[in-house]
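Each chain, letter by letter, is given below.
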Amino acid sequence: MTLGLDDEDRRTASRLLAEFFDRYEQSVATAPIVPQVDRDVLAGLLADPFPDKGIGVEGLFRAINEKILPNSTKVAHPRFLAYVQGPPNGVAPYAEAIAATINQNCNFWQLSPAASVIERAVVSWLAGLFGYGEASGGILTSGGSVASLHALTTALHERRPEFRAAGLQTSGPALVVYTSGEAHRCIDKAVAILGLGLDNVRHIATDSGHRMRVDALAEAVRADRAAGREPFCVVATTGTVMSGAIDPIGPIADLCEREGLWLHIDGAYGGLFVLADRVHPAFDDCRRADSIALDPHKLLFAPLEAGCLLVRDRANLARAYAFKSAYLTVEDDPLMVDYMDFGPQLSRGFKALKVWSALQAFGVDSYRGVIDQVLQLAEHLRRRVEEDPNLELMAPVTLSAVCFRIKGWTEAQHAAVRATLAEDGTALLGPARLGGRHGLRACVTNYRTTYADIDLVVDRISELASCAS
Ligand SMILES: Cc1ncc(COP(=O)(O)O)c(C=O)c1O
């Protein structure tokens, strides 16, 4: 009995995998975006007992092709515009296979020397994009939510050094976190997980562009201090999930410096637009933040999962997460990082390989080009909406998210339009909710999307709007 493959099985698996890739690539733009889910097949996947005698490599690929693929959402489709999720870059599947083959454990460097250096190279490159200096560091995470959770954990340890020993059992004023009303819910979730209490989050009002209002932030901090609470952290967003708004980082950083508050930036959706010259200035002040959350599994087109936390001073991260243990002693090596000291995990996969591989294979200029193209497509969509008498924008278009509505239509009518678009294969769009109004949200996060795709979507929506009026 073995769990390995012999030479012949390995060749068969490689051939079947190559065929799978080819078929998938050819079907991306034509397959339904949202599958007509075969519930019987899915119920079978749930109920069928695992075989005592395996089905072998060919049987396995048959099951994948017949049962899994047809019941999977085509996130790579060029008109999959509902979420901030792109298709994986072309070398990603190969990098993933190689990572699984060499199976490096990225906890301490002896178990993963090259991987440790590669993760450090990826983190340093990302930190450099934001002007972070030599003292900075970070770690790849499963995503942006977890990166922000680690950021708040780190901020909490800095504010309350006794937190590790005494936990929440210390007295002292309630710590307060500030973020905008448009912030991603992962910030609330992090606050809840850390035991800080949702009652101690202030969702600061936004301006007409859906950016955090710094005057309202200052007032909230003042009011909390006056009430005996302890402001400790502001979470600004560079690219809100709904409309792509970028909070005014410079004035927020000024306030954080004045008030002695940790500044975390949630850049999970928008942070990597720093690579695009046309919006780069909006990110200039990010260098002043204490921490930044990013998502390479969004704009770097890494396959899930790949997030990243950057910290301006990596000693902060180590203070939150480093624990010594007698059975894991490794000598410090200035070239290599023990990532177990930068996060909660001990065993960790080699996520950095898929990010590194694509940067190597395609080069940074390819990313600059694709990210710029994504912005131009959103700009094209904005223009098309503005020119169409049936449609109106709901928010300024800052990045690649475009929120718009059919004039005079209700939430239910917009939901019906989304359902029609999904059913007839035009596109998958998300719902937009801003300032009490409802509409449609298209977010371009796909290097396969073209101007023709955008035109097709707008034409169809306009047609549906005209038919009904
Ligand atoms: C602004 C923002 N923050 C956080 C997240 C959560 O990121 P993840 O899904 O990688 O945890 C998202 C996801 O779209 C986001 O847009």
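As the structure is a computational prediction, the values presented were derived from the model and not from experiment. (Residues numbered from 1 in each chain as written. Predicted model: local features only at pLDDT ≥ 70, side-chain atom pairs only at ≥ 80, totals over all residues. Heavy atoms only, no water.)

**Remarks on the overall build of the protein chain**
Heads up, the condition is: Comment: elements are numbered from the N terminus, with helices defined as DSSP H or I runs of at least four residues and strands as E runs of at least two. To get the radius of gyration, use the C-alpha atoms; to get the globule rule, take the number of residues to the power 0.38 and multiply by 2.2 Å. Buried means the residue's accessible area, taken with a 1.4 Å probe over protein chains only, is under 20% of the maximum for its type, while exposed means over 50%, and partly exposed covers the values in between. Two residues qualify as a contact provided that any one of their heavy atoms is within 4.5 Å of a heavy atom in the partner residue. Note that accessible areas follow from Shrake-Rupley with a 1.4 Å probe, and for residues the cover is restricted to the protein chains shown. We score Asp and Glu as negative and Lys and Arg as positive, and we do not count His or the chain ends. Taken as the charge centre is NZ of Lys, CZ of Arg, CG of Asp or CD of Glu, depending on the residue.
Helix and strand counts for the protein chain stand at 16 helices and 11 strands. Expected size for 469 residues packed as a compact globule is a radius of gyration near 23 Å; at 24 Å, the protein chain falls within 12% of this value. Dimensions of the protein chain, computed from the C-alpha atoms along their principal axes, are close to 70 × 60 × 45 Å. For the protein chain, the proportion of its 469 residues judged to be buried stands at 50%. Residue pairs at least 24 apart in sequence account for 75% of intrachain contacts in the protein chain once pairs closer than 6 positions are excluded. For the protein chain, the exposed area adds up to about 21800 Å²; of that, 54% sits on carbon and sulfur atoms. A gap of 3 Å separates the mean positions of the 46 positive and 57 negative side-chain charges of the protein chain.

**A word on the pattern of salt bridges**
Spelled out, the test is: One speaks of a salt bridge when a side-chain nitrogen belonging to Lys or Arg is within 4 Å of a carboxyl oxygen belonging to Asp or Glu.
In the structure shown here, the tally under the stated rule is 31 salt bridges. The residue Arg 225 makes a salt bridge to Glu 259 at a minimum N-O spacing of 2.9 Å. With Arg 225 in helix α9 (residues 214-226) and Glu 259 in helix α10 (residues 249-259), this residue pair connects regions lying 34 residues apart in the sequence. Take Glu 259: its relative accessible area is 29%, and that puts it in the partly exposed class. Here Arg 460 makes a salt bridge to Asp 424, at a shortest N to O gap of 2.7 Å.

**A short note on the site of the ligand**
For the record, the criterion: Nearness of a residue to a molecule or strand requires only that one of the residue's heavy atoms be within 4 Å of it. Side-chain atoms alone can form a polar contact between residues adjacent in sequence; in general such a contact is a pair of N or O atoms within 3.5 Å, and within protein one must be able to donate a hydrogen while the other accepts it.
In the vicinity of the ligand, 14 residues are found, and the nearest of them are Gly 144, Ser 145, Asp 266, Asp 295 and His 297. Within the contact set of the ligand, an oxygen atom lies 2.9 Å away from a side-chain nitrogen or oxygen of His 297. A distance of 3.2 Å separates an oxygen atom of the ligand from a polar side-chain atom of Lys 298. For the ligand, the accessible surface in isolation is 390 Å², of which the surrounding protein chains cover 84%.

**Quick word on the domain arrangement of the protein chain**
Where we set the bar: All the domain ranges listed were derived from an automatic or database domain assignment. Here the quantity called buried area is the total loss of accessible area, with a 1.4 Å probe, experienced by two parts when brought into contact, counted for both. Residue polarity is assigned by list, with Asp, Glu, Lys and Arg as charged and Ala, Val, Leu, Ile, Met, Phe, Trp, Tyr, Cys and Pro as nonpolar; anything else, Gly included, falls into the polar class.
In terms of domains, the protein chain is made up of domain 1 (7-72), domain 2 (97-362) and domain 3 (367-468). Inter-centroid distance (C-alpha atoms) of domain 1 to domain 3 is 33 Å. Listed by partner, the interface residues are 4 residues for domain 1 and 5 residues for domain 3. Each partner contributes to the roughly 360 Å² buried at the junction of domain 1 and domain 3, and carbon and sulfur atoms together form 66% of this total. Across the domain 1-domain 3 interface, the total number found is 1 salt bridge. Note that Arg 448 is salt-bridged to Glu 25, the shortest N-O span being 2.8 Å. Applying the counting rule to domain 1 against domain 3 returns 1 residue pair in polar contact (both at pLDDT 80 or more). Split into classes, the residues belonging to the side of domain 1 that touches domain 3 amount to 3 nonpolar, no polar and 1 charged.

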